[in-house]
Amino acid sequence: MKYSKSIDKKWQKFWEDTGLFKVDEKKRDKQKYYSLVMFPYPSSELHVGHARNYIIGDAVARYKIMQGFYVLSPMGWDAFGLPAENQAIKKGIPPKEWTFRNISRITEQLKSWGIGYDWNREIATCHPDYYRWTQWIFLKLYQKGLAYKSKAAVNFCPSCQTVLANEQVIQGKCERCSTEVVQKNLSQWFFKITDYAQRLLEDINLLEEWPERVKTMQKNWIGRSEGVEIDFSVDNSDIKIRCFTTRVDTIFGATFLAMSCEHSLVKDLIKDAGNKQQITEFIDRVNNQPKSARLLEGFEKEGMFTGKYAVNPMTKEKIPIWICNYVLTEYGTGAIMCVPAHDKRDWEFAKKYNIPIKTVIARPGRENEVKDAVFEEEGILVNSGNFSGLLSGEAKNKIAEYMEKNNIGKRKTNYRLRDWLISRQRYWGVPIPVVYCSKCGIVPVKEEDLPVLLPENVEFRPVGQSPLADVEEFVNTTCPKCGGKARREIDTMDTFVDSSWYFLRYISPRDKNRIFNSDDVNYWLPVDQYIGGVEHAILHLMYARFFNKFLYDLGLINFKEPFKRLFTQGMIVKDGAKMSKSKGNVVAPDYIIENYGVDTMRLYILFIGPPDKDAEWNDEGLRGAYRFINRVLRLISMVKNIDSQDVPPEYSYNKDEKRLLSKTHSVIKEVSYDLEGNFQFNTAISSIMELVNEMYKFVQNPQIEIHSAVLTEAAETVLRLLAPFTPHISEEAWQELGHKESIFLSGWPKYNLEFIKQDTIEIAVIINGKVRRHLKIEAGWPQEKVEEAVLADSKVKAYLQGKPFKKVIYVPGKLINIVL
RNA sequence: GCGGAAGUGGCGGAAUGGCAGACGCGUUAGGUUCAGGACCUAAUAGGAACAAUCCUGUGUGGGUUCAAAUCCCACCUUCCGCACCA
């Protein structure tokens, strides 16, 4: 028997006909397992890099099915988005048509790879039955005050002609097209994710089975920092400037104040300044600098003195107020107190503009040392009035207390996380369900009027506004409140909104009356295993957690976190680069399947390396997988011809049988361990290879007497262990061996420790840390007996030369170490 | 700068503190074959001997230990994420 593609189709049909992956939520006699792979954006057809994702997910689902779990494995489409619209503009294909064309092609691909899903639960976020509930969530957020419209400086991509979320701006550039992002003051919709900042941070602790690196990225992104907000009064003025600092212990060293150019108080401050003209010019210049320039190394700190002074509330000294290009508007209060002696940036600035530098923190034990350098660490306070002599940590508390008592400042926790900007000036997305009424203002659409349908026949023009603006029937509506004339919101939602809750809709995909059935959702969720690319570590995973918590607060679900276990797989690269059409290094699966069969591709992709690491594609490696599969099939053909009989009750196994039994069972143990841990498919497969190699030795040597039952058990074990990885050939060979039922119903093999144990074992004899001999001993021997045998060995004697030894360490079954 | 991951043969990569290099690719030799391919068997870290053996080896330098790729300290390099966050 040789592996050919005809095997693939046969079994794919079989699984479909027998409903291996169909799940009926009413049958609940088994333990559930929800296996979820991040749903794809249907843009182009999939290559082997994408395939890794789905193959891993499928291997997990099939493994869990074999273990007897009741496995839910659904698939759907993240179907709204910019590429569809860009295609429409470029080629005139309606986004919907383009999207569904891609969906059917990818579906065909996934099916041809033998990836098992419950296709009855398929969803697409662009379908009104789905986005109706996305809009519903929007309304709920709006009701709770968590969706709001606000004018703010936002990131705008001139190429995509839309605003972007903070998270979608990478190094000052658009995540999608790398165009320089500009700042615009626009009125936009936001979700108040910052209300959940603390919970999103705290509950990371509940995510025990998430990769550490993803958790760290989320923590950093939320960016909690504790400090004090201090009100600085301005000399000869009523104005107070609020600053945030995490280093209130350095306040006695604050020698100037710095404000960002966009700070709302700047106008008032410079009202009667002599150099007002100059300052305004400076502000304009800074505001026109591209954001990415700020990030460049050596970006020069610049500023203008406002002519005004603030009062340091602790020293009562007058300190100059500056406007600076290095103060962020968006973080904290947009104004900071500057301590040049203990902050590198302030130091740089003070040196440049000759602002006094005052040391107030010293390294403990070196309080009197004077150094012309920044000291950013914590230490002991000096020159700090009553607080001198305290350590930074203690001083922070004491000073904060003092400030609170005297109404100077207040403790404050700040987060780096910003509210989520969700409106997009694009067409192919979920319409935001609100209307603008000249009388009532912003009015949400009534729940019963959902969905607000996205019009389909629209004209595409690449302008800074959604084509929806021109669709009169859409835009003109009536106010749900007063019944008067009103206009619909023409912005659509960020597609990350769509994907923030899709894993819940899989449970009740066709429910017309509610977002989902809470009972069913509480049964299936949280997702037991979530699999996807690490590129979603911040965006998608943070938003999904936020939505989950919101729905939890609504009482719709009873779990705080949606994904119990997360696995982020690595990329498959070719010639050291990510596969992409433009680079021309895409490995297409079709050719592989045609020539080597699907299981070859599946096996190779799982064997290519640790699944969480990037891996380099290698055609020779693929051929190795093909070789192995055929090696297995040949082995099965040989075993098949042996007339298999049961082992008699009192049968005593011979030496060879014991050896094969031991190998068989220890491989079961290893593979099971590898799959339970962090999905070590590569080592799991290598263990199975070892068993196959071992079996070849038995089958090919006519000298060896071996009971057919032992050989059959080994062969069946190989197939069952391989089944999650290479399901097609496993089913085929399983049938060859005379089984009528699917291999996936045969259960996961169990190992017996009694068989793994061997009578004679080989131990290493180590003399002074060097391996000198390998000796066979009986497994049950006590240390004395082993020592005796080792010391009696002539080679060992030669090494020892009768010298006395200090110590003997015996590690049972492994080694004996003699120290001279 | 902060945070994370990693550094092992020609290559991908294995090793609960216990025999470094499993398994695979590649390479070499032999078998089989009309031939090629495919397949089977064996060898394959480096060096000296070319046999049985010995020496050196997991980024660098120290340390702990009977025993370190693994633990500790210092450093180097690479990749990834965040980055003027006060």
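Residues numbered from 1 in each chain as written. Chains lettered and ligands numbered in written order. Predicted model: local features only at pLDDT ≥ 70, side-chain atom pairs only at ≥ 80, totals over all residues. Heavy atoms only, no water.

Asks: Even after reading the chapter, I still don't get helix α18 (residues 589-596), so can you show me in this structure?
Replies: Since one α-helical turn is 3.6 residues long, residues separated by three or four positions face the same way. Three or more residues of α18 are buried, namely P589, I592, I593 and Y596. Along the axis of α18, the buried residues cluster in a sector spanning 100°; they form a single face. Close packing links the buried residues of α18 with α1 (5-18), α2 (48-66), α4 (95-112), α19 (598-607) and α20 (619-640). Looking one or two residues beyond α18, the residue adopting positive phi is G597, at roughly 85°. (Buried < 20%, exposed > 50% of the residue type's maximum accessible area, 1.4 Å probe, protein only. Helix = DSSP H or I, 4+ residues; strand = E, 2+ residues; numbered from the N terminus. Arc of directions from axis to C-beta. Contact = heavy atoms within 4.5 Å.)

Asks: I would appreciate a short explanation of the protein's contact with RNA strand B in the present structure.
Replies: Neighbouring residues of RNA strand B: 54 residues in total, closest T246, F299, R345, H774 and Y799. Atoms of RNA strand B within 4 Å of the protein belong to the sugar or the phosphate in 67% of instances, the rest to bases. Taking N693, its side chain carries an N or O atom lying 3.3 Å from a phosphate oxygen of RNA strand B. Between a phosphate oxygen of RNA strand B and a side-chain N or O atom of K807, the distance comes to 3.5 Å. Ranked by residue count, the leading element in the surface near RNA strand B is helix α22 (residues 681-700), at 7 residues. (Near = heavy atom within 4 Å. Polar contact = N/O pair within 3.5 Å; in protein donor to acceptor, adjacent residues only side chain to side chain.)

Asks: So what exactly am I meant to see when it comes to the packing of aromatic side chains here?
Replies: Across all of its chains, the model carries 46 aromatic pairs by this definition. Summarising the aromatic geometry, the rings of F252 and F387 are spaced 6.1 Å apart at their centres and angled 50° between planes, so their arrangement reads as tilted. On the criterion of sequence distance, the pair formed by F252 in the loop between β11 (240-245) and β12 (256-260) and F387 in the loop between β17 (380-381) and α12 (392-405) is long-range, its members being 135 residues apart. Neither residue differs from the other here; F252 and F387 are each classed as buried. Of the aromatic side chains, those joined through ring pairs into one cluster are F138, Y142, W189, F191, Y196, W420, F496, Y543, F546 and F547. Note that R416 overlies the ring of W221, its terminal NZ or CZ placed 4.3 Å from the centroid. Across the ring face of Y696, the terminal group of R631 is positioned such that the distance to the ring centre comes to 4.2 Å. (Phe/Tyr/Trp six-rings, centres within 6.5 Å; stacked < 30°, edge-to-face > 60°. Lys NZ or Arg CZ within 6 Å of the ring centre and 35° of its normal.)

Asks: Got a minute to help me understand the sheet that holds strand β22 (residues 441-444) in this structure?
Replies: Two strands in a sheet stick together by hydrogen bonds in their backbones, pointing the same way (parallel) or opposite ways (antiparallel). The antiparallel open sheet is built from 4 strands, whose spatial order is β22-β21-β24-β23. Of all strands in the sheet, those with a lone pairing partner are β22 and β23 (476-478), marking the two edges. Each adjacent strand pair in this sheet contributes to an overall mean axis angle of 45°, direction not counted. Two strands pair when backbone bridges link them, and strand β21 (residues 434-437) and β22 are joined in this way by 4 bridges, in the antiparallel orientation. From the neighbouring strand, V435 faces β22, where its bridge partner is V443. (Pairing = 2+ DSSP bridges. Axes fitted to C-alpha atoms, helices over the stretch in contact; angles between N-to-C directions.)

Asks: Please explain the layout of surface pockets as it appears in this structure.
Replies: Picture a little ball the size of a water molecule; that probe, rolled over the atoms, points out where space is still empty. Roughly 1,200 Å³ of internal volume is contained in the second largest pocket. Together, 39 residues line the second largest pocket, and A153, Q183, T329, E330 and R418 are the ones closest to its centre. (1 Å grid on protein atoms, 1.4 Å probe; cavity = no way out; pocket = protein on both sides within 12 Å on 5 of 7 lines; lining within 4 Å. Points joined across faces, edges and corners; volume = space filled by probe spheres on them.)

Asks: How should the pattern of salt bridges be read in this particular structure?
Replies: Close approach of charged atoms allows side chains with opposite charge to pair. Taken as a whole, this structure holds 47 salt bridges when the rule is applied. If you follow the salt bridges from partner to partner, you end up with E45, R105, E108 and D590 in one network. (Salt bridge = Lys/Arg side-chain N within 4 Å of Asp/Glu carboxyl O.)

Asks: Can you walk me through the pairing of strand β1 (residues 32-37) in this structure?
Replies: Moving residue by residue along a regular strand, the side chains alternate between the two faces of the sheet. Most of β1 sits out of view: 6 of its 6 residues are buried. Where burial is concerned, the two faces of β1 agree: the one with K32, Y34 and L36 and the one with Y33, S35 and V37 are both buried. Following the backbone out of β1, through α2 and into the adjacent parallel strand β2 (residues 70-72), one traces a crossover that is right-handed. (Right-handed = clockwise from strand over helix to strand, strands pointing away.)

Asks: Sorry if this is basic, but what is going on with the sheet that holds strand β34 (residues 815-819) here?
Replies: Taken in spatial order, the 4 strands of this open sheet run β32-β31-β34-β33, and their pairing is mixed. The open sheet has two edge strands with one neighbour each: β32 (770-778) and β33 (807-811). Direction aside, the axes of adjacent strands within the sheet are offset by 20° on average. With respect to the sheet, helix α26 (residues 783-792) is in contact with β31 (760-767), β32, β33 and β34, its orientation differing from that of β34 by roughly 65°.

Asks: How should the packing of helix α3 (residues 82-91) against α4 be read in this particular structure?
Replies: Geometrically, a packed helix pair is captured by the angle between its two axes and the distance between the axes. Their axes nearest at 8 Å, the elements α3 and α4 cross at an angle of 120°. The angle between α3 and α4 falls in the class oblique. Handedness of the crossing formed by α3 with α4: right-handed. Residue-level inspection shows P83, A84, E85, Q87 and A88 of α3 in contact with α4, the latter providing P95, W98 and T99. In the contact of α3 with α4, the residues fall into 5 nonpolar, 2 polar and 1 charged. (Parallel < 35°, antiparallel > 145°, perpendicular 65-115°, else oblique. Left-handed = near helix turned anticlockwise from the far one by under 90°. Nonpolar A, V, L, I, M, F, W, Y, C, P; charged D, E, K, R; others polar.)

Asks: Is there a simple way to think about the packing of helix α5 (residues 128-143) against helix α17 (residues 539-553) in this case?
Replies: Contact pair α5 / α17: the axes reach a minimum separation of 12 Å and the direction vectors enclose 65°. Between α5 and α17, the angle falls in the class roughly perpendicular. Read as a crossing pair, α5 and α17 show a hand that is left-handed. Side by side, α5 and α17 meet where I137, K140 and L141 of the first sit next to F546, F547 and F550 of the second. Its residues assigned to classes, the contact of α5 with α17 shows 5 nonpolar, no polar and 1 charged.

Asks: Can you help me understand the pairing of strand β14 (residues 318-324) in this one?
Replies: Counting buried positions along β14 gives 6 out of 7 residues, so the element sits mostly inside the fold. Sheet topology places β12 next to β14; 4 bridges connect them, and they run parallel. Among the inter-strand pairings, A258 is bridged to a residue of β14, identified as W322. Pairing of strand β13 (residues 303-311) with β14 involves 6 bridges; the strand directions are antiparallel. Residue pairing for β14: M304 is matched across the bridge by I323. What sits between β13 and β14 in their antiparallel hairpin is a turn of 6 residues, with K316 showing a positive phi close to 65°.

Asks: In this structure, what is going on with the environment of T255? I would like to understand it.
Replies: Tracing the sequence through the fold places T255 in the loop between β11 and β12. For T255, a relative accessible area of 7% puts it in the buried group. For the pair T255 and I357, spaced 102 residues apart in the sequence, the C-alpha separation amounts to 6.8 Å. Aside from chain neighbours lying at most four places away, what touches T255 is I319, P320, C338, P340, I355, P356 and K358. Separated by 2.8 Å, the side chain of T255 and the backbone oxygen of P356 make a polar contact.

The quantities given are spatial measurements derived from coordinates; they are silent on function.
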